[in-house]
Amino acid sequence: MRRLPREWKWVLGFFGLLLGIHWMLLVLSARALRAERRRWIEEGRPVTLEQVIPPAVPETENGAVLYSEAFQVLQTPSDGPDSEPLDKVIPEITRSYTADPKSPDFQARLEQLLGRPDLQTALDKLTEAADRPACRFEMDYRAGPTMLMPHLTSFLKMARLLQAKAICETRRGETNNALFTLTVILKMAESLRSEPALISQLVRNAVALQALSGLRKVMNDTVLPAEAAAAMRPWMRKLDDRSPFVRSLEAEQVVMNDWLGRHVNRPEFFEPEMGQGDLSRWKGYLAVAAYTPMRQWDQAAYARLMRRAASAMAVPWHLGRGPDLDREVEGLPPWFILSRLLMPAVRPIREKMECLLAETRMAGLALALNEFRRREGRYPDLLDGVA
């Protein structure tokens, strides 16, 4: 039997060493990912898509069905003289009016818009949808970062329109109607509570702030009727809750890690860099094998940071700001792409949540002051006298 040349022995030994190192890295990275998964389970947090996807809702109870119909009306051209789709004209008119509600021209344009039959149809469906007990839009959670949520843009547009409508109703002396309109906005925000996505909770935050901002403008012009103000309080109390943001952080981690584990494990993921053909496919398999340890460590780091961010978000701001996640992210290796790309967005989300909670509590205090003024004819000397 012929002996292998010495050079071949060195080559085979070198490749054997590389395979041994790679196997060791695979074991260590998989162990780190499993350990972090165990911590999530021990803390009672979700770890699978089935645990974060909202349960099915009967169609007769699902507000998403009517919301979709209302949003479809917005995108459909009208047959009348105002043929342009509402989706195109609402943003500019509402922006102009809310910036200067005292302008007769802007008010006339808004009233003309509100008089359109197609908009009235959309508003009726929107009001009915907001009254339904549940809301679940069909979304492909397995799509990860490519998941489509077109309804969120329409939620924002309609919230701004309803805020402008409430201000207009106040200026016409229809305070009860204005408060009813603002309550519809609060119900719209509540409809997004169960969506397990950070972007959904940010939109919910923005929708709720439209209602609170509109309430502040209404209260500048008039004293609120007691019954209409009382009807708003239960919906405002629902905003004073951290759990939707905490759940969305947990769900975001599950969705992203699920997508990353399924897509980056396939050679097709690397085809744009490797090209086409059988040789390129083998290059894709080699890229998958080489990147897997780094991906697993990245997933473990992302899960750890999101777990700590969720724990910090559950604690009131004045009791502690939590870990310095920005500094931890800066200390990560450069190949931790997922953690470095997504974690910097978490801190501003907590700040937005705290702003919403503060605005909600301030609005609740304003309602209490309004009730005291309506009952006593003056404001209290001290806040201790406010119920």
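Owing to the predicted nature of the structure, the values given are computational and were not obtained by experimental measurement. In every chain, residue numbers begin from 1 and rise along the written sequence. Only residues with pLDDT of at least 70 are given local features in this predicted model, and only at 80 or more are side-chain atom pairs given and counted; all residues enter the totals for whole chains, interfaces and linings. To obtain the side-chain values, all non-hydrogen atoms of the structure were included, while hydrogens and water were left out.

1. Some thoughts on the side chain of R350
Stated precisely, the cut-off is as follows: A helix here means a DSSP run of H or I that spans at least four residues, while a strand means a run of E at least two residues long, and both kinds are numbered starting from the N terminus. Here the term buried applies to any residue with accessible area under 20% of the maximum for its type, exposed to any over 50%, and partly exposed to those in between, with areas from a 1.4 Å probe on protein chains only. For the purposes of these results, a polar contact is taken to be a pair of N or O atoms within 3.5 Å, where, inside protein, one atom must be able to donate a hydrogen and its partner to accept one; residues adjacent in sequence count only when each atom of the pair is a side-chain atom.
As for its placement among the helices and strands, R350 is situated in helix 16 (residues 346–376). For R350, a relative accessible area of 6% puts it in the buried group. A distance of 3.0 Å separates a polar atom in the side chain of R350 from the backbone oxygen of V315.

2. Quick word on the packing of aromatic side chains
Filter applied, for reference: Within 6.5 Å between ring centres, the rings of Phe, Tyr and Trp (the latter by its six-membered ring) count as paired, and their orientation is classed by plane angle as stacked under 30 degrees, edge-to-face over 60, tilted in between. Charges are assigned to positions over rings by a cutoff of 6 Å between ring centre and Lys NZ or Arg CZ, combined with an angular limit of 35 degrees from the ring normal.
Applying the stated criterion to the full structure yields 5 aromatic pairs. The interplanar angle of 20° and the centroid separation of 6.0 Å between the aromatic rings of Y67 and F71 together place this pair among those described as stacked. Placement of the pair is Y67 and F71 together in helix 3 (residues 63–75), with a separation of 4 residues, close to one helical turn. Accessibility assignment for this pair places Y67 and F71 in one class, buried. Taken together, a centroid distance of 5.5 Å and an interplanar angle of 70° make the contact between F71 and F155 edge-to-face. Of this pair, F71 sits in helix 3 while F155 sits in helix 7 (residues 151–171); the two residues are 84 residues apart in sequence, bridging distant segments of the chain. The exposure class of F155 is buried, given its relative accessible area of 0%. A connected cluster of aromatic rings, assembled from ring pairs, spans Y67, F71, F137 and F155. Above the plane of the ring of W40 lies R45, whose end atom (NZ or CZ) is 6.0 Å from the centre. Between the NZ or CZ atom of K238 and the centre of the ring of W235, over which it lies, the distance is 4.3 Å.

3. Considerations on the pattern of salt bridges
Stated precisely, the cut-off is as follows: A side-chain nitrogen of Lys or Arg and a carboxyl oxygen of Asp or Glu constitute a salt bridge if their distance falls within 4 Å.
Overall, the coordinates contain 21 salt bridges when judged by the stated rule. For the salt bridge of E36 with R39, the shortest nitrogen-to-oxygen distance reads 3.1 Å. Of this pair, E36 and R39 both sit in helix 1 (residues 6–42), 3 residues apart, which is roughly one turn of the helix. Taking the relative accessible area as the measure of exposure, E36 reaches 3% and is therefore buried. R350 is the salt-bridge partner of E354, the closest N and O atoms lying 4.0 Å from each other. Placement of the pair is E354 and R350 together in helix 16, with a separation of 4 residues, close to one helical turn. Through salt bridges with shared partners, one network takes in E36, R39, E43, R45, E250 and R307.

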